[in-house]
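# Topology and contacts: notes
Chain by chain, the residues:
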Amino acid sequence: MRSLHAVTATLALVALGGLGTPVLAQPTSPTDSLPVGLPFTLEQALARALQNRPLTDVASASVDRARGAARLVRLVPNPNVVAQVDERTPTHQLTLNQPLGWILRRPADLATGRALVGRAQADSAQLVADLGRDVQRSFYGALAAQERQRLVGEQAQLADSLRNLAERRLAAGDISELERDQIAQEARRVQLAAALAREQARVARAVFARAVAWSQDVAPVAAGELSNGLAALDALSAIDPDAVLLSLPTVQSALADSAAAAGRLRSLRWAQVPVPSLIAGVEWGVPAGAPIVGNESQRTSILGLSVPFPIWNQGREAAAEGAGAAREGAARAAEVRLTVGAALEAAIIRTAESAGRARFARDTLFPEASRIRAGAVRLYEAGQTGLLPVIDALRVERDAAQSLVQELLGFQEARADLTALLGRWP
């Protein structure tokens, strides 16, 4: 991208004005610029955000929570221990009742646990990718706002100098009062634009500071180029949506939800099978009427099964609810694939088209506007035109510069959105 400082470097030619000596010097930085802050490159901003934003803790904590939930799903039920004492006999009994129904449900529960962890991992990856997009957009937004403020500030200085020049030419009788007033009106318009640019730059820097979790008084300054990545596009525009669709975190999250619902359904169906529980124990003591041999008591082993008797319900209601949830999960996953597929294609198109517009603004629109302005200045120097055509050419160049900044920012935002949709860290 051609530096916006080059705009005012060439506009100094307007100072000749036909009065013999230059009136305008090289423009300096505007007096109402923002407080100087620590320069931050995009790489530094991303690294700081990854280290300091609480959102990264949310991402890791959600995975830990899902792993805990997966362990809960596949827990083996504890046995029931029963101890009894019969004083009438007297005898003692100790039994252990171990449910075995979990054995049939085990494969389905394991699949459900894996799906829960997969869902959390996909959500975590998307959360981090969205964080990267937030930093990218705020960084380039601050960078664009800084460029706009710098450009408008330089143009405000130039407009003031042109107004002084108009006063001198009016005093010399070269122009009319109407032309002087028109130039003064243009200077006031630029002053208003400069005030708006200053506001936008301050807001953009505040947004950028929040994106990198900045805690100091003076917000950081974005340091970089708006045209970064424009030459190569990082191969983003060559992505095949069908080839990468299933690898996108958003799609993986929906597929994991569907898999978890299907696993729960299989577990609920196996739960309908009346699997017996194992009973094992021991009984000891001296039953009434039994002969006593010394001080020894008689011991008896107990081994049996406890079978659930499904009278009041057979688990069909839970299975029916699980079947509905599984169908819903599958339908939502299919819908997400359609939606995300369309969004991915649209993001690829926006990235490619915005890159084309940014190249056109950088390579054609802005250079042509600069050439037109330079031609208007030359004609003015030769006395072949008035000052108003020069002002008009300056406005055209200003609009072209603003369009260049906006198109470059649009490209960076489209690229950030596409990167986040792919679930990638910038």
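Residues numbered from 1 in each chain as written. Predicted model: local features only at pLDDT ≥ 70, side-chain atom pairs only at ≥ 80, totals over all residues. Heavy atoms only, no water.

## Considerations on the overall build of the protein
Along its length, the protein carries 9 helices and 6 strands. Here the analysis covers contacts within the protein between residues at least 6 apart in sequence; of these, 81% occur between residues at least 24 apart. (Helix = DSSP H or I, 4+ residues; strand = E, 2+ residues; numbered from the N terminus. Contact = heavy atoms within 4.5 Å.)

## What about the packing of helix H4 (residues 101-171) against helix H9 (residues 387-421)?
At a minimum axis separation of 8 Å, H4 and H9 run at an interaxial angle of 175°. The orientation of H4 with respect to H9, classified from their angle, is roughly antiparallel. (Axes fitted to C-alpha atoms, helices over the stretch in contact; angles between N-to-C directions. Parallel < 35°, antiparallel > 145°, perpendicular 65-115°, else oblique.)

## Quick notes on the side chain of Arg 180
Among the secondary structure elements, Arg 180 is positioned in helix H5 (residues 177-211). If we skip the residues at most four places from it in the chain, Arg 180 touches Ala 166, Glu 167, Leu 170 and Ile 175.

## Things to note about the nonpolar core
The biggest cluster of nonpolar side chains holds 37 residues, and the ones touching the most others in it are Val 135, Phe 139, Tyr 140, Phe 208 and Leu 226. Sorting the residues of this core by element identifies helix H2 (42-52), H4, H5, helix H8 (316-381) and H9 as the ones contributing at least two each. The contact partners of Phe 208, leaving out residues within four places of it in the chain, are Phe 40, Ala 45, Ser 138, Phe 139, Ala 142, Pro 220, Val 221 and Ala 222. Of all hydrophobic cores here, the second largest spans 14 residues; its members include Leu 170, Ala 376, Ile 391 and Ala 393. (Core = buried A, V, L, I, M, F, W, Y, C linked by side-chain atoms within 4.5 Å. Buried < 20%, exposed > 50% of the residue type's maximum accessible area, 1.4 Å probe, protein only.)

## Details of unusual backbone geometry
Glycine aside, residues mostly have negative phi, and peptide bonds are mostly found in the trans state. One non-glycine residue with positive phi stands out, namely Ala 213, at about 55°. With respect to the helices, strands and loops of the structure, Ala 213 is situated in the loop between H5 and strand S4 (221-222). On the accessibility criterion, Ala 213 (25% relative accessible area) is partly exposed.

## Describing the pattern of salt bridges
Tallying each qualifying case throughout the model produces 18 salt bridges. Measuring nitrogen to oxygen at the nearest pair gives 3.2 Å for the salt bridge that ties Arg 180 to Glu 167. Of this pair, Arg 180 sits in helix H5 while Glu 167 is found in helix H4, placing the two residues 13 residues apart along the sequence. Residue Arg 180 is classed as buried on the basis of its relative accessible area, which comes to 16%. Owing to a relative accessible area of 38%, Glu 167 belongs among the partly exposed residues under this scheme. A cluster of three or more residues bridged by salt bridges with shared partners is formed by Glu 186, Arg 189, Arg 395 and Arg 398. (Salt bridge = Lys/Arg side-chain N within 4 Å of Asp/Glu carboxyl O.)

## Section: the pairing of strand S2 (residues 80-86)
In this sheet, strand S3 (residues 91-99) lies alongside S2 in antiparallel orientation, the contact comprising 7 bridges. Looking at the pairing, Val 85 lines up with His 92 of S3. The loop that links S2 with its antiparallel partner S3 comprises 4 residues. (Pairing = 2+ DSSP bridges.)

## Some details on the sheet that holds strand S6 (residues 298-306)
The strand order S2-S3-S5-S6 describes an open sheet built from 4 strands, whose pairing is antiparallel. The sheet is open, and its two edges are formed by S2 and S6, each paired on a single side. Averaged over all pairs of adjacent strands, the angle between their axes in this sheet comes to 15°, without regard to strand direction.

## Digging into the confidence of the model for the protein
Looking at the protein, the pLDDT average stands at 84 and 87% of residues meet or exceed 70. Confidence, expressed as mean pLDDT per element, reaches its minimum in the protein at helix H1 (residues 5-11) with 35 and its maximum at helix H7 (residues 249-270) with 95. For residues 1-32, every residue scores under 50 in pLDDT, and the model assigns this stretch 62 contacts once sequence neighbours within four places are set aside. (pLDDT = per-residue confidence, 0-100.)

## Focus on H5
Given 3.6 residues to a turn, an α-helix orients residues that are three or four positions apart in the same direction. Over its 35 residues, H5 extends 51 Å from the first C-alpha to the last, a length consistent with the 51 Å expected when each residue adds 1.5 Å. Count one or two residues on from H5 and you reach Ala 213, which has phi positive near 55°. (Expected span 1.5 Å × (residues − 1).)

## Looking at the environment of Val 273
In this structure, Val 273 sits in the loop between H7 and strand S5 (277-285). Along the sequence, Val 273 and Arg 105 sit 168 residues apart, while their C-alpha atoms lie 10.0 Å from each other.

## Thoughts on the pairing of S3
The two faces of the sheet receive side chains in turn, since in a regular strand these alternate between them. Judged from the 9 bridges that link them, S3 and S5 form a sheet pairing that is antiparallel. The residue of S5 that forms the bridge with Pro 99 is Ser 277.

## Brief notes about H4
Taking 1.5 Å as the rise per residue, H4 with 71 residues should run 105 Å; its terminal C-alpha atoms sit 103 Å apart, in good agreement. The largest bend in H4 amounts to roughly 45° and is located at Pro 107. Phi turns positive, to about 80°, at Gly 173, one or two residues after H4. (Bend = angle between axes of the 7 residues up to and from the residue.)

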